[in-house]
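Each chain is listed here by its residues.
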Amino acid sequence: MALLVACGGGPRRGPSQYAQKLVILGFDGMDPQLVERWMHEGKLPHLSALAKKGGMFPLATTHSPESPTAWASFATGVNAGKHNIYDFLVRDITTYLPDLGMVKRTPPTFLFNYIPTSKPKLESIRGGTSFWVTAGKAGVQSSVLTVPVTFPPETVPNGEMLAGLPLPDIRGTMGTFSYYATDLSRYEEGNTEMGGILRRLVFEGDVANAELVGPPNPLVRQKIEAIRRKGPTLSDADRAELAELQAIQDVHVPFTIRWDRGAKAATVEIEGESIRLIQGQWSPWIDLTFKINMLVRLHGMAQMLLMNAGNELQLYVSPVNFKPDNPPLPISYPEAFAGELFKRLGYYRTLGWAEATWPLNEDRMDEKTFMDDLFVAFNDRAKVILDRVDAKNWDVLVGVIESTDRVQHMMWRLTDPKHPMYDAKLAAAFGDAIERVYRRADDFVGEVVRRIGPDVAVLVVSDHGFHSWRKAVNLDTWLVQQGYMVLQGQQPGDKKLADLFGGGTFWENVDWSRTRAYAMGIGQIYFNLRGRESKGIVSPGAEAKQLAGELSAKLLTLNDPEDGTPIIRAVYKRDDIYSGGYLQNAAELQVGMNDGYRVSWQTTLGGSPQGIVYPNTKKWSADHGGYDYAITSGVLVSNRPIGTTTPRIIDIAPTVLKYFGVTIPTDIDGKSLF
Ligand SMILES: [Zn+2]
């Protein structure tokens, strides 16, 4: 039975049986080439000081080189075939519909469709055993903070955990922002491609009424999912009912805006609060309650930014985060841990994807606002980690900050004159954005080392590196052109994120009875396998093997029509890169692209629009997913010498176990670095 310590948080633990301590700081997407360059230029003094004692190395990433896969391998020490996290997305082999990977949802149940009888349940689909569990059972005390793929949080023996990605917002998404403006046309209203809700404001005099879109009503959601489960093709009656249900599925919170044009200010009245903002000002966190019905309420929090209150009014609302002290689902272990942090530290972002990438990508936020907000996200994570560093109730502490990844995704274009979205004027102002975040990370490393003292072992790790993304590649369109995927009727229009999660039509017009292969997620190509996919036509065995060979060979000949550059650097076949009990969930092929090219958003969203290669004109201008893993290593900085020059991220877990003298389980793929 865990007793709570009033001041320290977490379960009461006995004195540690270990003399040694270990701190692992993760910076998502930190790139070894950039680290090396800036170390050399003296810009990362604290990382350099660590490296002088141990070393700095590229850290081999995973197939695929994406955060969920790589951090799952970090935690478990095994390849994706044993932990089951291959990508952000998983597919349903009956409907071909994608869903967010990493979690399995069991909806809540209601008596008479009204009285809640069970809470919604989320289970991680991650297999394998994380090192904090294995070590915890042996008595090693741990603090595990915002590591990706730790939602829902697991029970950590002798430890505490604050969950990270894919911890969603109140809508169950990776972060839905809202944007209200007087200068939106009717045509712009609705859902944006990547997760924003746009609403047009109409003022009568100085007053406009609006609604904040909250979580889907679980009762309506269940009806929608029941219809979608019927299969890839729906009857007209089902489609009509689906559309009707989608229109009413979300719970709203109404609010009023009073515009003080003269003062370039506005007052927002929401749930009994009245918040006056002047142009450019952020609100404090606002507590929000979404009433599903008389008995069920979900609690969240959001911040508003009055972007403009001059000639037009533009109001941005952040994704609604779970409230740390009253989340709809547990976000920490022990369950009260997140609330205790809140009591001590005040509000902090709980959303796994804490940075405002989508609004910048959709041109609803400018670079300065994005960067200011990104540093707030960084600081929120940092303050939690420092709180636990000071608590000293651990033998091993693991804390991950992802702002390094987000800033590279969004701001790389301003460091790459060859990028279609390079802009000399913006580059003059924000060309150092990535460097600033690396330096902030370096400062943070210095702060942690100062607090723990020089004798504690420190590993700084990242899960993958980064590449410029100059051109997008429609893999599904290529499959259509080559005859591997067959469409009936016309080429469908562009897809939006809403088509992916909870609405719209996915795989529009795909004739599954004649489709042999389909691309989904970032670089995965699945075969439409007989006996696995509901409408599978490719026989497992010889036919699948032949198709894998044929497709790989053809993919390697895919060149940029503009200058003949090979687009695909390597194609990896399932059985060559994965092994383990979850092998059947892996894609048959993992595509590894060359620097500069990434799978298009339309492919990840199941779309096959015209054209194969086109310039990437989005601010999301760099990536790692779908690139060849061999050129996408992360970084390892250690203040202890390590026994190899080619460390891999799967080596971290066994390293920790060995460091504490815990027997390394035989199914672990990695090897201890110490
Ligand atoms: Zn990333």
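Definitions and limits used
Residues numbered from 1 in each chain as written. Predicted model: local features only at pLDDT ≥ 70, side-chain atom pairs only at ≥ 80, totals over all residues. Helix = DSSP H or I, 4+ residues; strand = E, 2+ residues; numbered from the N terminus. Rg over C-alpha atoms; globule rule 2.2 N^0.38 Å. Buried ≥ 20, exposed ≤ 12 C-beta atoms within 10 Å, placed from the backbone. Contact = placed C-beta atoms within 7 Å. Pairing = 2+ DSSP bridges. Axes fitted to C-alpha atoms, helices over the stretch in contact; angles between N-to-C directions. Parallel < 35°, antiparallel > 145°, perpendicular 65-115°, else oblique. Left-handed = near helix turned anticlockwise from the far one by under 90°. Nonpolar A, V, L, I, M, F, W, Y, C, P; charged D, E, K, R; others polar. Domains from an automatic or database assignment. Core = buried A, V, L, I, M, F, W, Y, C linked by C-beta atoms within 7 Å. Expected span 1.5 Å × (residues − 1). Arc of directions from axis to C-beta. pLDDT = per-residue confidence, 0-100.

Caption draft 1: Layout of the overall build of the protein. From N to C terminus, the protein includes 19 helices and 34 strands. In terms of overall size, the protein behaves like a compact globule, its C-alpha atoms giving a radius of gyration of 25 Å where 674 residues would be expected to give roughly 26 Å. Taking all 674 residues of the protein together, the buried fraction comes to 53%. Long-range pairs, those at least 24 residues apart, make up 66% of the contacts in the protein with a sequence separation of at least 6.

Caption draft 2: Just the sheet that holds strand β16 (residues 265-270), in detail. In spatial order, the strands read β14-β15-β16-β17; together these 4 strands make up an open sheet with antiparallel pairing. Of all strands in the sheet, those bounded by a partner on one side alone are β14 (207-216) and β17 (273-278). Each adjacent strand pair in this sheet contributes to an overall mean axis angle of 25°, direction not counted. The sheet contact formed by β16 and β17 spans 6 bridges and is antiparallel. Paired with Ala266 across the two strands is Leu277, which belongs to β17.

Caption draft 3: Here's a closer look at the sheet that holds strand β22 (residues 321-322). Pairing is antiparallel in the open sheet, where 3 strands are placed in the order β18-β19-β22. The sheet terminates laterally at β18 (286-291) and β22, the two strands that pair on one side only. Judged from the 2 bridges that link them, strand β19 (residues 297-302) and β22 form a sheet pairing that is antiparallel. Pairing of Met301 across the sheet is with Asn321, part of β22.

Caption draft 4: Here's a closer look at unusual backbone geometry. Residue Ser64 follows His63 across a cis peptide bond; omega there is -10°. Inspection of the secondary structure puts Ser64 in the loop between β2 (55-59) and α3 (67-76). Cis geometry is adopted by the peptide bond preceding Pro166, which originates at Leu165 and carries an omega value of 5°. Within the secondary structure, Pro166 is located in the loop between β10 (159-162) and β11 (177-181). For Tyr96, which is not glycine, the phi dihedral falls at a positive 70°. Notably, Lys264 is not glycine yet its phi reads approximately 45°, a positive angle. The residue Lys264 is located in the loop between β15 (250-260) and β16 in this model. For Lys264, a count of 17 C-beta atoms within 10 Å corresponds to the partly exposed category.

Caption draft 5: Just the packing of helix α10 (residues 367-391) against helix α13 (residues 433-452), in detail. In contact at an axis separation of 11 Å, α10 and α13 are set at 15° when each is read in the N-to-C sense. The angle between α10 and α13 places the two elements in the roughly parallel class. You can see that α10 and α13 cross each other, and the crossing is right-handed. On α13, the residues that touch Met371, Phe375, Phe378, Ala382, Leu386, Val389 and Asp390 of α10 are Ala433, Arg440, Phe444, Glu447, Val448, Arg451 and Ile452. Class assignment for the residues of the contact of α10 with α13 results in 10 nonpolar, no polar and 4 charged.

Caption draft 6: Molecular detail of the domain arrangement of the protein. Here the protein is described as being made up of domain 1 (22-85 + 126-167 + 352-466 + 632-659), domain 2 (177-321) and domain 3 (472-619). In this structure, domain 1 and domain 2 have C-alpha centres spaced 33 Å apart. Contact residues are listed per partner, giving 7 residues for domain 1 and 7 residues for domain 2. Broken down by class, the residue content of the side of domain 1 that touches domain 2 amounts to 4 nonpolar, 1 polar and 2 charged.

Caption draft 7: Fine view of the nonpolar core. Of all hydrophobic cores here, the largest spans 180 residues; its most connected members are Met304, Leu315, Tyr316, Val460, Ala517 and Val656. No other element matches α10, which puts 9 residues into this core.

Caption draft 8: Just the packing of α10 against helix α11 (residues 403-411), in detail. α11 packs onto α10 with a crossing angle of 165° between their chain directions and a minimal axis gap of 10 Å. Here α11 runs roughly antiparallel to α10, going by the angle between their axes. Regarding α10 and α11, the two cross each other, and that crossing is right-handed. Across from Phe370, Leu374, Ala377 and Phe378 in α10, the residues of α11 making contact are Ser403, Arg406, Val407 and Met410. A class-by-class count of the residues in the contact of α10 with α11 yields 6 nonpolar, 1 polar and 1 charged.

Caption draft 9: The environment of Ala429, seen in detail. The topology assignment puts Ala429 in helix α12 (residues 424-430). A C-alpha to C-alpha distance of 9.2 Å links Ala429 and Leu414, two positions 15 residues apart in sequence.

Caption draft 10: Structural view of helix α16 (residues 542-555). In this model α16 runs 20 Å from its N-terminal to its C-terminal C-alpha over 14 residues, within 8% of the 20 Å that 1.5 Å per residue would give. Among the residues of α16, those classed as buried are Leu547, Ala548, Leu551 and Leu555. End-on, the buried residues of α16 take up no more than an arc of 105°, which puts them together on one face. Exposed side chains of α16 directed beyond 90 degrees from the buried face belong to Ala542, Gln546, Gly549 and Ala553. Those residues of α16 that are buried are in contact with β27 (517-520), β28 (524-527), β29 (568-573) and β30 (589-593).

Caption draft 11: Representation of the environment of Asp260 within the structure. The topology assignment puts Asp260 in strand β15. Sequence-wise, Asp260 and Asp628 are 368 residues apart; in three dimensions their C-alpha atoms are separated by 54 Å.

Caption draft 12: Geometry of the confidence of the model for the protein. Overall, the prediction assigns the protein a mean pLDDT of 91, with 92% of residues at 70 or greater. Low pLDDT, under 50, characterises residues 1-10; the predicted model gives this stretch 17 contacts beyond four residues in sequence or across chains. pLDDT under 50 marks residues 500-504. Its contacts with residues more than four places away, or in other chains, come to 11 contacts.

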